[in-house]
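So the chains spell out like this:
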Amino acid sequence: MHEDKWIPTICYQCKAECAILARVENGVVKEVKGNPLAKGKMCVKGMAGITTLYSGERLKYPLKRIGERGEGKFERISWDEAMDIMEKKLRELRDRGEMHKFTYSMFPHSSTDPKWRFVNAMGGFITTGLPHCDSAKIMAHLHTFGCFPNHHIAPIYYSVPKGGIMILAGRHPFGCLDDASVARDILNAKERGAKLIVIDPIFRSEAAKADWWIPIKPGGDAAFFLGMCNYLLTNDLYDKNFCDKWVREGDMDKLMEFIKDKTPEAMSPICEVPAQDIIKLAKMCAQAPSVCVDAFKSIMYGNAMDWGHAWSIFLVITGNLDNPGGQPLPEIAPMAPVEPVPPAPSLHELGYHRTGPNRDKFDYYTFILEPTWYAAQAVKEGTLKVFFASECNPALSEMGSSVWREAMTLKDKQGNYLLELFVVTEILPSETMKWADLVLPDQTNFERWELLYMPWWYTYAHTAAICQPVVEPIGESRHANKVMIELGKRLVPEYFAFKDDLEYYDTELAGVGMSLQKMLDNGCVWSPRTAGFYKYESAGKFNTPSGKVELEWRMYKDLGQEWPSPELPVEFKRGEQEYPFILVNFRSTFLNNTGAWSHNNAQLRDPISGRDRNPLVLNPLDAKKLDLVDGDLVTVTSKTAQVRIPVCLSEKIKPGCAGLIHGFGQTMGKIASLGNWIGDNELIADAGSHLDEQDLRGGEAHVATRVKVSK
Ligand SMILES: Nc1nc2c(c(=O)[nH]1)N[C@H]1C(S)=C(S)[C@@H](COP(=O)(O)OP(=O)(O)OC[C@H]3O[C@@H](n4cnc5c(=O)[nH]c(N)nc54)[C@H](O)[C@@H]3O)O[C@H]1N2
Ligand SMILES: Nc1nc2c(c(=O)[nH]1)N[C@H]1C(S)=C(S)[C@@H](COP(=O)(O)OP(=O)(O)OC[C@H]3O[C@@H](n4cnc5c(=O)[nH]c(N)nc54)[C@H](O)[C@@H]3O)O[C@H]1N2
Ligand code: SF4
Ligand SMILES: [Mo]
């Protein structure tokens, strides 16, 4: 049968989940493009999705480990056997009363993801890599104005007016899209007369298009923004009307007192930006009709909560909440719960929550999801026994990745693994899979059904979206959601009384007046279109305990951290003499994190059509001092590891910084293992190794270190 048509579905070459159309001919995907109903854009990684689908390396059958963990040797087994292995181990754990020693590390596609439901129903809990990028941003916004930021894209660029200011402070939206329409929206805003300011130690594609590039010292953003706040507040350039009306009583006086000594001159040596430049940007912001700020990488360091707090204060005093071109405060339209709803675990009662020496102190921790990086600690402590993982690659993505991998191989005196069962669901061979006991072949977005529901999504045309299969699945691949629903029916049937995944999604969609059929008729996308502005005006309040904006974080009074510190992250403050360079890891447009999805994609891991190496990027001034020329092989040493890699000299990086593309390091799969690369997480210390100096409030990520470079 000859068919040649465009079918709506979702791209999943990265977690942005853009709405797309796939052209299918004789049962084969031939072409993809953006769905015009949701802005109609796709990026280079998305275009390479067809290569993932038809890759010769696709995992096609369930695999069971033969040999030791880490050897990467497997044999093919049946789905029945795979299901039985998981069922048996989980029953055993339940009989031992140890269900809280079960975790599933995943990227949940909705708060009602069937995998998450399964974990809650069993009495385990989910972990995720998400805290790395989001936790501090989310908690800072929640604490201050009682609202989640959009998950990945803070501002609504298509609403930025003429003269509005767009500040990227540690953000690469032209490459790290998180919605393929963002780059176009930013450029359109510029064409309308908005200004683009890029604060980044590296001159990247955004800087090339910017009105102003400010090369900041990594970790200096809190200081930079506090310096601006000082100038605005002490020169009466802040939005007094907004603050008088909406800030909690007493907070402005306390802010004035706190900010007194955070002068641009005092902040300048911390962030290494001249005081006159801090003042210049502050003045520009005071005059602009709107200002929005986006940051991602800069908020992945040990001072993340301070930076998030300073950022929030800046938005408040410039009056940029829920206005066109400012910081949106998205509303969440709930999906219908599928009854009965399994209870969510109490993280504070479970053993896993913040292991290590300071465990009792981590009661201040406020983020709702556990970071996956605690898995290594938990295995050592005996508080993690069964580990499932989907859509994540902790063997490379977790800091101190070698420590993480080693934890998977720890044994007791009898020679049994401390971690009793490790199950990995993947599409292509991944590094994490090497340590798994069981590997389950997942379906790509072109082969599976899935309800995606991210109400804080940038493209309001697809607050909810349906990923529908457009071709027959490859091999015996099965979608992880279906697998967990079947396991749920075996182990906790009371919570899995619905027929299948489709019925589950249908029930949930009813909550927003939709159904699966209506979604399909609607081009697979739906939005309540509640991106209205000034919602706090119509509601008469913010969603905080006081109903007002809360600048002082009183919940951290005991810690003496009610106000943000301008200091650099602890990782950059120590060892400056011995390790003079700050390692700045950044992302490539062509590759998505550490993942097999791009590192084992022949189109993306290629010297011509993508990227196949990550040399260490140094400024020529630094290179001269070290007597290095372009291409020289160097030894890079951090406090915990040493690697060898060629250097690439570029004036685009601030002196004192050593740039390295994040995500390389995979040895599984023919494509990923080629090239000359190193994994950045080899150099960065395992977060569990310095629990004592971490931010107790939950600034999660520590993707930071200092290094020494020698010939
Ligand atoms: N192509 C692609 N897209 C992606 C991803 C990917 O791996 N590849 N990953 C996805 C994920 S999970 C995330 S969290 C996002 C991340 O998205 P981003 O954070 O935007 O990506 P990065 O390139 O890691 O970092 C952005 C910039 O921050 C700069 N920077 C580093 N330290 C500092 C600092 O202290 N201050 C300032 N002002 N700038 C600093 C870096 O030089 C870099 O240019 O991207 C998402 N999208
Ligand atoms: N040094 C350093 N470390 C970092 C960061 C950094 O900037 N620097 N960034 C941090 C951040 S922000 C994040 S979010 C984490 C991300 O870290 P992780 O959450 O571990 O995510 P990825 O590295 O993207 O790995 C995703 C895996 O899922 C697989 N996959 C893709 N699609 C599917 C699918 O449909 N089904 C299944 N089963 N698998 C699929 C991919 O092949 C890939 O192997 O890393 C963190 N680690
Ligand atoms: S940003 Fe690119 S890779 Fe990610 S979902 Fe959108 S089109 Fe696909
Ligand atoms: Mo992330």
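Residues numbered from 1 in each chain as written. Chains lettered and ligands numbered in written order. Predicted model: local features only at pLDDT ≥ 70, side-chain atom pairs only at ≥ 80, totals over all residues. Heavy atoms only, no water.

**Q** What is the right way to read the packing of aromatic side chains from this model?
**A** What describes a pair of aromatic rings is the distance from one ring centre to the other and the angle between the planes of the rings. All told, the structure shown has 25 aromatic pairs when counted by the stated rule. Judged by centre distance (6.1 Å) and plane angle (65 degrees), the ring pair of W553 and Y556 falls under edge-to-face. Take W553: its relative accessible area is 0%, and that puts it in the buried class. Accessibility expressed as a relative area gives 1% for Y556, which makes it buried. Aromatic rings pair up to connect F102, Y104, F118, F388, F496, F498, Y504 and Y505 into one cluster. Its guanidinium or amino end placed over the ring of F258, K262 lies 4.1 Å from that ring's centre, counting from NZ or CZ. The lysine or arginine in question, K280, covers the ring of W212, its NZ or CZ lying 4.2 Å from the ring centre. (Phe/Tyr/Trp six-rings, centres within 6.5 Å; stacked < 30°, edge-to-face > 60°. Buried < 20%, exposed > 50% of the residue type's maximum accessible area, 1.4 Å probe, protein only. Lys NZ or Arg CZ within 6 Å of the ring centre and 35° of its normal.)

**Q** Is there a simple way to think about the site of ligand 3 in this case?
**A** Residues in contact with ligand 3, as listed here, are C11, Q13, C14, A16, E17, C18, M42, C43, K45, G46 and L177. Here the shell around ligand 3 is composed, by residue class, of 7 nonpolar, 2 polar and 2 charged. (Near = heavy atom within 4 Å. Nonpolar A, V, L, I, M, F, W, Y, C, P; charged D, E, K, R; others polar.)

**Q** I keep staring at the packing of helix α11 (residues 264-271) against helix α12 (residues 275-287) and nothing clicks. Help me out?
**A** Two measures define how a pair of helices packs: the angle their axes make with one another and the distance between the axes. In contact at an axis separation of 8 Å, α11 and α12 are set at 115 degrees when each is read in the N-to-C sense. Put simply, α11 runs roughly perpendicular to α12. Helix-helix and strand crossings are classified by hand; for α11 and α12 the assignment is right-handed. Only A275, I278 and I279 of α12 make contact with α11, whose side of the interface consists of P264, E265, M267, S268 and C271. Of the residues belonging to the contact of α11 with α12, the class tally is 6 nonpolar, 1 polar and 1 charged. (Axes fitted to C-alpha atoms, helices over the stretch in contact; angles between N-to-C directions. Helix = DSSP H or I, 4+ residues; strand = E, 2+ residues; numbered from the N terminus. Parallel < 35°, antiparallel > 145°, perpendicular 65-115°, else oblique. Left-handed = near helix turned anticlockwise from the far one by under 90°. Contact = heavy atoms within 4.5 Å.)

**Q** Would you take a moment to explain the sheet that holds strand β13 (residues 386-390) for this structure?
**A** Neighbouring strands of a sheet are bound in pairs by backbone hydrogen bonds; such pairs are parallel or else antiparallel. Reading across from one edge, β5-β4-β15-β14-β13-β6-β7-β12 is the order of the 8 strands in this open sheet, with mixed pairing throughout. The open sheet has two free edges, formed respectively by β5 (74-76) and β12 (370-371), since each of these has just one partner strand. In terms of strand pairing, strand β7 (residues 125-128) meets β12 through 2 bridges, oriented parallel. If you follow T127 over to β12, its bridge partner there is E370. (Pairing = 2+ DSSP bridges.)

**Q** Help me out: how do you make sense of the site of ligand 1 in this one?
**A** Residues in close proximity to ligand 1 total 31 residues, the closest being R171, G219, Y301, L591 and N593. In this structure, D221 approaches ligand 1 through a side-chain N or O atom, which is 2.6 Å from a nitrogen atom. Residues of the shell around ligand 1, tallied by class, amount to 14 nonpolar, 9 polar and 8 charged. Taken together, domain 2 (146-330 + 538-559) and domain 3 (570-710) each give at least three residues to the shell around ligand 1, which thus spans both. (Polar contact = N/O pair within 3.5 Å; in protein donor to acceptor, adjacent residues only side chain to side chain. Domains from an automatic or database assignment.)

**Q** What is the right way to look at helix α14 (residues 374-381) in this model?
**A** In an α-helix there are 3.6 residues to a turn, and that puts residues three or four apart on one side. Where burial is concerned, most of α14 is hidden: 6 out of the 8 residues are buried. The set of residues buried in α14 consists of Y374, A375, A376, Q377, A378 and V379. Residues of α14 that are buried in the fold lie against β12, β13 and α16 (401-408). Two residues or fewer past α14, G382 is found with a positive phi of approximately 80 degrees.

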